[in-house]
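An overview of the molecular structure
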Amino acid sequence: KQEVTQIPAALSVPEGENLVLNCSFTDSAIYNLQWFRQDPGKGLTSLLLIQSSQREQTSGRLNASLDKSSGRSTLYIAASQPGDSATYLCAVSWTNAGKSTFGDGTTLTVKP
Amino acid sequence: NAGVTQTPKFQVLKTGQSMTLQCAQDMNHNSMYWYRQDPGMGLRLIYYSASEGTTDKGEVPNGYNVSRLNKREFSLRLESAAPSQTSVYFCASSEGVLAGTQETQYFGPGTRLLVL
């Protein structure tokens, strides 16, 4: 079964720290991987999408990497801010048919 | 450009009642999706529509039906609501398969459903 796992479920860091969120998937033959942010009571906002042929994507203070051989992706957040506090979800598509499997998310708290 | 909109925002049903959740997108996307999110969990795909006129089951389709009314609208119907269907429902859209590549999914704000 194709599964997506995110560990830890929750993470708390002081403001200014650099941090890494992890996403693992069971089948390396992915089509793409997407990182989302979800604020409490809100919908999901796409942060970065990595195609199967890519190794990383960057947007501002965010950098997402993909290592298909090990079945892992990481989301690196530089110089964290209290406004980064949210739940971060990883979603993997194994085909181009549009179906994505989501991890359960990591809830990040950045303390001032 | 409103993106993906969902109605209603919140609904309370009694067991056995029926209702339809509405979703519309104004981005001319081909593909649309319905997910549910239970507390502390990620999203699980209920149904999706790769293009207008087609629908397919996702991971948890039992108890639901969908209609792709046109390219803009994709509705989710609960024929006989059960307490296990208490959840937050999200609709999403993407350019989709017909665009040749699977692009970013854009999400609506969600519908919070409580079944008593």
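For the structure itself, consult the block above.
Keep in mind that what you see is a predicted model, and the values were worked out from it rather than measured.

Calculation rules
- Residues numbered from 1 in each chain as written.
- Chains lettered and ligands numbered in written order.
- Predicted model: local features only at pLDDT ≥ 70, side-chain atom pairs only at ≥ 80, totals over all residues.
- Heavy atoms only, no water.
- Disulfide = S-S within 2.5 Å.
- Helix = DSSP H or I, 4+ residues; strand = E, 2+ residues; numbered from the N terminus.
- Buried < 20%, exposed > 50% of the residue type's maximum accessible area, 1.4 Å probe, protein only.
- Core = buried A, V, L, I, M, F, W, Y, C linked by side-chain atoms within 4.5 Å.
- Contact = heavy atoms within 4.5 Å.
- Buried area = accessible area lost by both parts, 1.4 Å probe.
- Polar contact = N/O pair within 3.5 Å; in protein donor to acceptor, adjacent residues only side chain to side chain.
- Nonpolar A, V, L, I, M, F, W, Y, C, P; charged D, E, K, R; others polar.

So, the state of the cysteines
All names here are of chain A.
- Counted under the stated rule, the structure contains two disulfides over all chains.
- Each sulfur in the disulfide pair Cys-23 and Cys-90 lies 2.0 Å from the other. Linking Cys-23 and Cys-90, the disulfide has an S-S dihedral of approximately -55° and is accordingly described as left-handed. Placement of the pair is Cys-23 in strand β3 (residues 19-25) and Cys-90 in strand β9 (residues 86-93), with a sequence separation of 67 residues.
- Here Cys-90 falls in the buried class, since its relative accessible area comes to 0%.

Looking at the nonpolar core
- Among the nonpolar cores identified, the biggest contains 23 residues, and Phe-25, Leu-33, Trp-35, Leu-75, Ile-77 and Val-92 of chain A are the most heavily contacted of them.
- Elements with a contribution of two residues or more to this core: β3, β4 (32-38), β5 (44-51), β7 (62-67), β8 (72-77), β9 and β11 (106-111) of chain A.
- When neighbours within four sequence positions are excluded, Leu-33 of chain A is seen to be in contact with Cys-23, Phe-25, Leu-48, Leu-49, Ile-50, Leu-66, Ser-73, Cys-90, Ala-91 and Val-92 of chain A.
- Judged by nonpolar contacts, the second largest core, of 20 residues, contains Val-4, Leu-21, Val-66 and Tyr-89 of chain B.

Quick notes on the interface of chain A and chain B
- Listed as interface residues are 22 residues of chain A and, on the opposing side, 23 residues of chain B.
- Here chain A meets chain B over a buried area of about 1,700 Å², counting both sides, of which 50% is carbon and sulfur.
- The tally of links between chain A and chain B comes to four residue pairs in polar contact (both at pLDDT 80 or more).
- Elements supplying a minimum of two residues to the side of chain A that touches chain B: β4, β5 and β10 (100-102) of chain A.
- Split into classes, the residues belonging to the side of chain A that touches chain B amount to seven nonpolar, 11 polar and four charged.

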